[in-house]
Amino acid sequence: MTVFWGYFLCAMATCVIIAGDYYFKLAVEEGQGLVSPKVLLGCALYAASAGLWFVSMRFISLAQVGVAASIFTLLALTALGHVFFEERIAHRDVIGITLAIGAVLVMARTA
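Each chain carries its own residue numbering, running from 1 in the written order of its sequence. Two thresholds apply to this predicted model, a pLDDT of at least 70 for residue-level local features and 80 or more for giving and counting side-chain atom pairs, whereas whole-chain, interface and lining totals are computed over all residues. Computation of side-chain values covers all heavy atoms of the structure but excludes hydrogens and water.

## Some words on the side chain of Thr-14
In step 1: Only DSSP runs of H or I covering at least 4 residues are called helices, and only runs of E covering at least 2 are called strands; the numbering of each starts at the N terminus. By the element assignment, Thr-14 lies in helix α1 (residues 2–29).
In step 2: For Thr-14, a relative accessible area of 1% corresponds to the buried category.
In step 3: Contacts are assigned to residue pairs that have any heavy atoms within 4.5 Å of one another. Excluding its chain neighbours within four sequence positions, the residues that come into contact with Thr-14 are Trp-53, Ala-69, Phe-72 and Thr-73. Buried residues are those whose accessible area, probed at 1.4 Å on protein chains only, stays under 20% of the maximum for their type, while exposed residues exceed 50% and partly exposed ones sit between those limits.

Here it is as C-alpha cells:
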C-alpha cells in the first residue's frame, strides 16, 4: 500500500507543477513579463509541489520518483497542450509516451 501512496503523491506533485506550467504558458501567450501575476502564481505552484515530492520519496525510491514524475509530466503536458492550446500530437509523441509507460512498468517494484 505504501508504494501506491508514493506514486499517488508523485502524481499530485506533478499535477501542481502542470498547473504552474499552464500559468506560465498563459503569461507567455499574453506577452506578460516575469513579474506578472500569472508567472508569480506559476512559481508559487512550483514551490508548493516540493512538499508533495518530499512526502512521496518516503514511500518510493528516488529512481522511481524520477521515472514516475517524467511519465506523469509527459502525459499531463501532452494533454494540456492538445486540449487547451490546440497543439498536435505527433507519431513520435505517441511512441515516446509508450516507451515512457514501459519505463514506469520496469521501474515499479513492490517493496
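## Examining the environment of Ala-69
In step 1: Secondary-structure assignment places Ala-69 in helix α3 (residues 62–85).
In step 2: Along the chain, Ala-69 and Cys-10 lie 59 residues apart, while their C-alpha atoms are 6.3 Å from each other.
In step 3: Non-local contacts of Ala-69, meaning those with residues more than four positions away in its chain, are made with Cys-10, Thr-14 and Trp-53.

## Some points on the packing of α3 against helix α4 (residues 91–107)
In step 1: The convention used is that axes are lines fitted to C-alpha atoms, helices contributing only their stretch in contact, and that angles between N-to-C directions extend from 0 to 180 degrees. Two elements in contact, α3 and α4, have axes separated by 9 Å at closest approach and are oriented at 155°. Taken together, the axes of α3 and α4 lie roughly antiparallel to each other. The crossing of α3 and α4 is left-handed. Note on element contacts: α4 touches α3 through Gly-96, Ile-97, Ala-100, Ile-101, Ala-103, Val-104 and Met-107, opposite Ala-63, Gln-64, Val-67, Ala-68, Ile-71, Leu-74, Leu-75 and Thr-78.
In step 2: In this classification, Asp, Glu, Lys and Arg are treated as charged, Ala, Val, Leu, Ile, Met, Phe, Trp, Tyr, Cys and Pro as nonpolar, and every other residue, Gly included, as polar. Residues belonging to the contact of α3 with α4 are distributed by class as follows: 12 nonpolar, three polar and no charged. Any angle from 65 to 115 degrees is called roughly perpendicular, while one under 35 is roughly parallel, one over 145 is roughly antiparallel, and all others are oblique. Crossing handedness is read from the near helix: turned anticlockwise from the far helix by less than a right angle, it gives a left-handed crossing, and turned clockwise, a right-handed one.

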